[in-house]
Amino acid sequence: MIPLYTTAGVPLVYADDDCRALFSSTGQIVAWFEQELLYAPNGRYLGWAEHGWVYDRNGQPALFAENAQGGPARPSLSLSAGNATPRTRWAQLPVRWPKPQPRPARRRKVTSWSPVSGLAYFAQ
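Definitions and cut-offs
- Residues numbered from 1 in each chain as written.
- Predicted model: local features only at pLDDT ≥ 70, side-chain atom pairs only at ≥ 80, totals over all residues.
- Heavy atoms only, no water.
- Salt bridge = Lys/Arg side-chain N within 4 Å of Asp/Glu carboxyl O.
- Helix = DSSP H or I, 4+ residues; strand = E, 2+ residues; numbered from the N terminus.
- Buried < 20%, exposed > 50% of the residue type's maximum accessible area, 1.4 Å probe, protein only.
- Phe/Tyr/Trp six-rings, centres within 6.5 Å; stacked < 30°, edge-to-face > 60°.

The next subject is the pattern of salt bridges. All chains considered together, the criterion is met by three salt bridges. Note that aspartate 18 and arginine 20 form a salt bridge whose closest N and O atoms lie 3.9 Å from each other. Where lysine 109 meets glutamate 50, a salt bridge forms, and the shortest distance between an N and an O atom there is 2.5 Å. Placement of the pair is lysine 109 in the segment after β8 (61-64) and glutamate 50 in strand β6 (residues 45-50), with a sequence separation of 59 residues. On the basis of relative accessibility, which here comes to 45%, the residue lysine 109 falls in the partly exposed class. Salt bridges here are not isolated pairs; linked through shared partners, they connect Asp16, Asp18 and Arg20.

What follows concerns unusual backbone geometry. At cysteine 19, a position not held by glycine, the phi torsion is positive, near 50 degrees. The class for cysteine 19 is partly exposed, based on a relative accessible area of 37%. Although it is not a glycine, glutamine 35 sits at a positive phi angle of roughly 60 degrees. Relative to the helices and strands, glutamine 35 resides in the loop between β4 (29-34) and β5 (37-39). By relative accessible area, which is 72% here, glutamine 35 ends up exposed.

Going through the model one piece at a time under the given rule, you end up with eight aromatic pairs. Geometrically, the ring pair formed by tyrosine 5 and phenylalanine 64 is tilted, given 5.7 Å between the ring centres and 35 degrees between the ring planes. One end of the pair, tyrosine 5, is in strand β1 (residues 2-5); the other, phenylalanine 64, is in strand β8, and 59 residues separate them in sequence. This pair shows no difference in class: tyrosine 5 is buried, exactly as phenylalanine 64 is. Measuring from ring centre to ring centre gives 5.5 Å for tryptophan 53 and tryptophan 113, while their planes differ by 55 degrees; the resulting arrangement is tilted. Taken together, the residues span a long stretch of sequence, with tryptophan 53 in strand β7 (residues 53-55) and tryptophan 113 in the segment after β8 at a distance of 60 residues. The exposure class of tryptophan 53 is buried, given its relative accessible area of 1%. Through a chain of ring-to-ring contacts, the aromatic side chains of Tyr5, Trp53, Phe64 and Trp113 assemble into a single cluster.

Okay, structure coming up:
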């Protein structure tokens, strides 16, 4: 699992090794990928991923992986807070995802942090 960090450097969600979905620290699916596009479990468009960054609908970086390239200055990483434990049971991926919501035209990437970093990202 690949941890993704908030603007505070705290691990929030985890991508599976094939980058098909994002999971909470309790193992629940919070989002899924269709290529680089990211959707909520109900099919609502959330943003996209590129070069280790997860962008919101407005093109602002909201989450990042340790190996993210470019983007705004990153905080120090808190490697212990919010980590999933080795006993975390990861939810099974569904055979079919819901029909994805049409995405708006992709915005230009912005170098300032998104105001919806953290759990608010998944409610946007």
